[in-house]
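Residue-level listing of the chains:
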Amino acid sequence: MQYETKSALQHIATIHRDPSRNSWGRGTWARLLGQILALADNRGELLRHAERAWASATFAGTRHTIALTFTGDEALAAGERLIDALPEHEFDISGHLVADAMVCAVEHSLLPEPVLTVELEVLLLEDL
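If you're wondering where the values come from, they're calculated on a predicted model, not measured in any experiment.

Novice: Tell me about the pattern of salt bridges, and name the residues and values.
Specialist: Per the counting criterion, the structure on display carries four salt bridges. Residue Arg81 is joined to Asp41 by a salt bridge in which the shortest nitrogen-to-oxygen separation is 2.4 Å. You can see Arg81 sitting in helix H3 (residues 73-85) and its partner Asp41 sitting in the loop between helix H2 (28-39) and strand E2 (45-55), a full 40 residues away along the chain. Take Arg81: its relative accessible area is 40%, and that puts it in the partly exposed class. For Asp41, a relative accessible area of 43% gives the class partly exposed. Among the ionic pairs, Glu119 bridges to Arg48, the shortest N-O distance being 2.9 Å. Separated by 71 residues along the polypeptide, Glu119 in strand E5 (residues 115-126) and Arg48 in strand E2 bring together distant segments of the chain. Classification of Glu119 by relative accessible area gives partly exposed; the value is 24%. Residue Arg48 is classed as partly exposed on the basis of its relative accessible area of 33%.

Procedures and definitions
Residues numbered from 1 in each chain as written. Predicted model: local features only at pLDDT ≥ 70, side-chain atom pairs only at ≥ 80, totals over all residues. Heavy atoms only, no water. Salt bridge = Lys/Arg side-chain N within 4 Å of Asp/Glu carboxyl O. Helix = DSSP H or I, 4+ residues; strand = E, 2+ residues; numbered from the N terminus. Buried < 20%, exposed > 50% of the residue type's maximum accessible area, 1.4 Å probe, protein only.

Put into structure tokens, the structure is as follows:
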């Protein structure tokens, strides 16, 4: 699945209202995104989200790729805090655990205003 939007909070609200999504996935990635955005003082905007199934011999879950953008000096500083905090953050998503969270790519641009784009990858496992 892949989602694109300009407003992360608007997209989260849509996911929670959409009954057509499967019961396991509905809201789970939105809770993950909400916690990631909270690490950045809710200053990021969602560029895209992709989700794909993941399984090993003993675990099942999903791998999430999330791209966020931070525009302006204050938002850029919040994005930098996200980059620092993400790998060690303890997520709280009932029924799931984050097995791995990493920053895959970071892109800075300064003109016409400071913009930071961050791509994250998170492995979310079902906690049976």
